[in-house]
Amino acid sequence: MSKAQSYQISVPQEKIDALKNKLAQTEFPDELAASGWDLGAPLADVKRLTKAWENWDWRQAEERLNKVPQYTTPINVDGFHELNIHFVWQRSEVKNAIPLLFVHGWPGSFLEVVPILPLLAAPGGPAFHIVAPSLPNFGFSSGVKTRGFGAKQYAETCHKLMLSLGYNEYVTQGGDWGFYITRAIGFFYPSHCRASHINMLRAHPPAFFKHPILTLQHKIAPYTQKERDGFARTGWFGKEGQGYLIEQATKPQTLAYALNDSPVALLAWIYEKLHDWTDSYAWTDDEILTWISIYTFSTAGPGAAHRIYYEFMHPGSNSVTREDLQRWIPNVKLGLAYNPRELSVLPKSWCRTLGPVVFESFNETGGHFYATEKPSFLARDLRTMFGKGGGAFKVVKGKSGYDRTPRAYPAKL
């Protein structure tokens, strides 16, 4: 029986007051002339958002978020203390709805699932029971108190959450760390994770002895202009966009002092990514401040979430590496979304080396935060992939996504 308890966000007023006091006392740095975004988040933008945050009403955001069905439940992860996991759980009225695990990344949170909830509840396609956890160290889930909580443990947490809710078989969707975590779930639990839809695709060129047909296609067919543009975007990220990754993957504790103590440091650190990683998405102040506030008021504190980088980059002997998760994983059907302003934009001949691909979408627009920037695209992907005629239709036993309808017989004359 599930131990899930209904949950409502309720940030103590003293935390809100402390935030506003810190914002009011901020001392800003100077800025080089004509810096734009080249050197990071522009001073004028950060000043404006800081003032807006100081006058912003968190309680209104809290009220909106509490209209989303949220729960918490205890999860025991092997070798670690019990974790209290916060999650969104939207159950469909359709009896045969497909259980879907949605996994966020950094600097995202459970917020990313919210735009697709009404789209996947609407009639006209397969229905889903949607589960979107706050990962450990993120949002309103527990923080991890000991080292070694890596890919295997994040996968175990999400898998055990689905089992605790009665979903023995399920499908997944993920980008950013959600890409790696859902891949790890497929790696460790292929008899339960029946299919995955992923964005932010990380893969390698096909090798002849492993993928002979893909290798021939790769060698014979010249790269298209879109693929060359993809390499340019990927190269930009490798050269200009990975400073945060190196710091978070090597010395996360040093960074934690700034992010935990200074809300403006946290704002600038994440706001830069919201700008650089999207396809000109028009963020509203309310979206930005809600996004940042989830980190500010998180259970483990704003200095905890980025530890995931260190743990993934320093896997234990019994874990799985990022390289393992960028290779072929059998038995789990795959859907791939290609977005031109993603951080890694690779040719389809590379990405098809990840596993048995049954669905692909090639979008003309879109960036890293797929569910936020293009919720209708993601909903289309899922409904096509898992709908009637899709490559993963009926992949979960007894859960087609559709109610059984009585067979129609001609009227007797």
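Everything numeric here is computed off the predicted structure, so don't read it as measured data.

Rules used throughout
Position labels on residues start from 1 in each chain and follow its written sequence. Per-residue local features are limited, in this predicted model, to residues with pLDDT of at least 70; the limit for side-chain atom pairs, both in listing and counting, is 80 or more; totals at the level of whole chains, interfaces and linings are taken over all residues. With hydrogens and water stripped out, all remaining heavy atoms of the structure feed into the side-chain values. The definitions used throughout rest on a 1 Å grid laid over the protein atoms alone, on which a cavity is an enclosed set of points accommodating a 1.4 Å probe that cannot get out and a pocket is an open set flanked by protein within 12 Å on both sides along at least five of seven lines; lining residues are those having an atom within 4 Å of a point. Grid points are joined across faces, edges and corners, and a volume is the space filled by probe spheres set on the points. Gly counts as polar in this scheme, as do all residues outside two lists: the nonpolar Ala, Val, Leu, Ile, Met, Phe, Trp, Tyr, Cys and Pro, and the charged Asp, Glu, Lys and Arg. Strands here are runs of E lasting at least two residues and helices are runs of H or I lasting at least four, both read from the DSSP assignment and numbered beginning at the N terminus. One speaks of a salt bridge when a side-chain nitrogen belonging to Lys or Arg is within 4 Å of a carboxyl oxygen belonging to Asp or Glu. Each residue gets one of three labels from its accessible area relative to the maximum for its type: buried under 20%, exposed over 50%, partly exposed in between, using a 1.4 Å probe on protein chains only. Only Phe, Tyr and Trp rings take part, Trp by its six-membered ring, and two of them pair if their centres are within 6.5 Å. Stacked means planes under 30 degrees apart, edge-to-face means over 60, and tilted covers everything else. By definition, pLDDT measures how confident the predictor is in each residue, and it falls between 0 and 100. Contact between two residues is taken to exist if any of their heavy atoms lie within 4.5 Å; hydrogens are not considered.

A. Looking closely at empty space enclosed by the protein. Inspection of the entire model under this criterion finds seven cavities of 30 Å³ or more. For the largest cavity, the calculated volume is near 120 Å³. Considering only residue class, the lining of the largest cavity consists of seven nonpolar, seven polar and two charged. Taken as a whole, the second largest cavity encloses approximately 90 Å³ of empty space. Put simply, the parts of the chain that give the lining of the second largest cavity at least two residues each are helix H6 (177-188) and helix H9 (243-250).

B. Focus on the pattern of salt bridges. Under the definition given, this model contains 13 salt bridges. For Glu156, the salt bridge is made with Lys160, and the minimal N-O distance between the two is 2.7 Å. Separated by four residues within a single helix, Glu156 and Lys160 lie in helix H5 (residues 151-164), roughly one turn from each other. The class for Lys160 is partly exposed, based on a relative accessible area of 27%. A salt bridge links Arg327 to Asp324, with the nearest nitrogen and oxygen atoms 3.3 Å apart. Here Arg327 falls in the partly exposed class, since its relative accessible area comes to 36%. Several salt bridges converge on common partners, so that one network encompasses Asp78, Glu156 and Lys160.

C. Geometry of the packing of aromatic side chains. Evaluation of the coordinates by the stated rule reveals 38 aromatic pairs. Ring centres 6.4 Å apart and planes at 85° place the aromatic pair Trp89 and Tyr167 in the edge-to-face group. Linking Trp89 in strand E3 (residues 83-90) with Tyr167 in the loop between H5 and strand E6 (170-174), this pair joins segments that are 78 residues apart in sequence. Seen from their ring centres, Tyr338 and Phe362 are 4.6 Å apart, and the 10° between their planes marks the pair as stacked.

D. The arrangement of the confidence of the model for the chain in detail. In this model, the chain carries a mean pLDDT of 94, and residues with pLDDT of at least 70 account for 97%. Low pLDDT, under 50, characterises residues 406-413; the stretch is placed with zero contacts to residues that sit more than four places away or in other chains.

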